[in-house]
Amino acid sequence: MGDSESLSEATSGAIGSLLSTTILYPLDTCKTKYQAEVRAHGQRRYRHLSDVLWETISNGQFLSLYQGLGTKNLQSFISQFVYFYGYSYFKRLYLEKSGSKKIGTKANLLVAAAAGACTAIATQPLDTASSRMQTSAFGKSKGLWDTLTEGDWSNAFDGLGISLLLTSNPAIQVGVTGFIKVILRVFDQLKLKFLKGNQASLSAFTAFLLGALSKSIATCLTYPAIRCKVMIQAAEADEKKKKAKRKASKTLSGVVFAIWRKEGVTGFFKGLHAQILKTVLSSALLLMIKEKIAATTWVVLLAIRRSLLAQNGRLKSA
């Protein structure tokens with residue numbers, strides 16, 4: 001039953017991620033191309049995020065906003081499947097070993113970090129490939145295999161260290177959420193003194209806003225690392241630079257220096273608004289779709305399991 005539950009969570013999470021990724025993919029492409037550009041202020045090709053969109057429309061290449069969608073969907077599906085399955089599995093394992101009936105906050109963060117690390121390692125080549133496809137010139141994106149084999153296989157894991165570092169994002173979000181809840185409790189206590197009413201629990205809408213706010217703050221705190229990762233994985237427009245990159249991958253220190261020299265401190269937060277918008281919308285869509293299909297997935301898995309058990313029973317009796 002435990003494995004079926006883990007499989008149900010993983011499947012519904014993966015399908016939800018696939019749908020939300022497809023819906024928001026044009027925004028994700030614009031965001032990634034905007035983040036990947038590092039030029040002095042007077043030489044920028046994209047001064048605003050909307051410039052990326054207008055470029056595709058003016059050149060009649062709107063469909064190019066979907067370049068790399070197949071790879072991104074594959075990466076997203078596998079990523080969410082591995083994460084949800086790993087999280088459910090590690091959580092169940094912890095409860096069995098500890099003998100507890102529920103998992104505490106610290107243990108939950110460790111379980112989430114372990115699942116996130118497994119996910120990052122398993123899907124990093126696809127993550128790198130999708131970033132290269134999105135940042136390629138519109139209409140000139142290569143296929144998955146050609147993109148992955150542009151350099152040696154170590155290049156496919158560009159940005160893995162930062163991906164592992166970003167698994168701390170949920171922990172930051174939980175800490176921020178806890179801080180905001182404390183503020184809300186203080187506010188409620190003050191409100192009770194004046195209104196003398198009954199304290200109500202958070203509404204679904206308030207809970208969503210709380211989650212969105214904490215996720216946004218966590219994204220702000222980790223955003224410099226997010227942008228550096230995009231820069232490391234981005235495709236090179238110039239063929240000479242591509243050949244040089246095959247010999248020596250971009251380094252974190254090199255990317256940090258380039259952003260600092262050409263854009264200053266504010267450069268580390270270029271595209272932050274787009275990242276927050278995409279992250280919040282993606283999380284909301286994922287949770288909504290996942291909840292809608294979770295029950296159906298569970299019923300289907302139970303039906304398949306019963307069918308297999310019945311078939312095994314007939315084979316044994318025969």
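About the criteria used
Residues numbered from 1 in each chain as written. Predicted model: local features only at pLDDT ≥ 70, side-chain atom pairs only at ≥ 80, totals over all residues. Heavy atoms only, no water. Core = buried A, V, L, I, M, F, W, Y, C linked by side-chain atoms within 4.5 Å. Buried < 20%, exposed > 50% of the residue type's maximum accessible area, 1.4 Å probe, protein only. Helix = DSSP H or I, 4+ residues; strand = E, 2+ residues; numbered from the N terminus. Contact = heavy atoms within 4.5 Å. pLDDT = per-residue confidence, 0-100. Expected span 1.5 Å × (residues − 1). Arc of directions from axis to C-beta. Polar contact = N/O pair within 3.5 Å; in protein donor to acceptor, adjacent residues only side chain to side chain.

Re the nonpolar core
- In this structure, Ile 162, Leu 166, Cys 228, Met 231, Val 255 and Ile 259 are the most contacted members of the largest nonpolar core, which totals 13 residues.
- The element best represented in this core is helix H8 (residues 204-233), accounting for 6 residues.
- If sequence neighbours within four positions are ignored, Cys 228 has contacts with Ile 162, Leu 252, Val 255, Val 256 and Ile 259.
- Within the second largest apolar cluster, 9 residues are counted, among which are Leu 27, Tyr 34, Phe 138 and Ala 274.

Here's the deal with the confidence of the model for the protein
- For the protein, mean pLDDT is 77; residues scoring 70 or higher make up 69% of the total.
- Here residues 197-201 is a poorly scored stretch, pLDDT under 50, and it has 5 contacts once near neighbours within four places are set aside; other chains count.

Notes on the side chain of Asp 28
- Among the secondary structure elements, Asp 28 is positioned in helix H1 (residues 2-36).
- Non-local contacts of Asp 28, meaning those with residues more than four positions away in its chain, are made with Lys 72, Gln 134 and Lys 278.

Here we look at helix H10 (residues 252-263)
- Taking 1.5 Å per residue, 12 residues should reach 16 Å; H10 reaches 16 Å between its end C-alpha atoms and fits that length.
- Restricting attention to buried positions, one finds in H10 the residues Val 255, Ile 259 and Glu 263. For H10, the buried positions fall inside an angular range of 35° around the axis, keeping them on one side. For H10, the exposed residues set more than 90 degrees away from the buried face come down to Ser 253, Phe 257, Trp 260 and Arg 261.

Concerning the environment of Asn 73
- Looking at the secondary structure, you find Asn 73 in helix H3 (residues 69-98).
- The exposure class of Asn 73 is buried, given its relative accessible area of 12%.
- Along the chain, Asn 73 and Ser 130 lie 57 residues apart, while their C-alpha atoms are 9.2 Å from each other.
- With near-sequence residues (within four places) excluded, Asn 73 lies in contact with Leu 18, Thr 21 and Thr 22.
- At a separation of 3.1 Å, a polar atom in the side chain of Asn 73 contacts the side chain of Thr 22.

Structural notes on H3
- Compared with an ideal rise of 1.5 Å per residue, which puts 30 residues at 44 Å, H3 spans 42 Å between its outermost C-alpha atoms and is within 8% of the ideal.
- Those residues of H3 not exposed but buried are Leu 69, Thr 71, Lys 72, Asn 73, Gln 75, Ser 76, Ser 79, Gln 80, Phe 84, Gly 86 and Ser 88.
- Gly 99 occupies a position one or two residues after H3 and carries a positive phi of about 75°.

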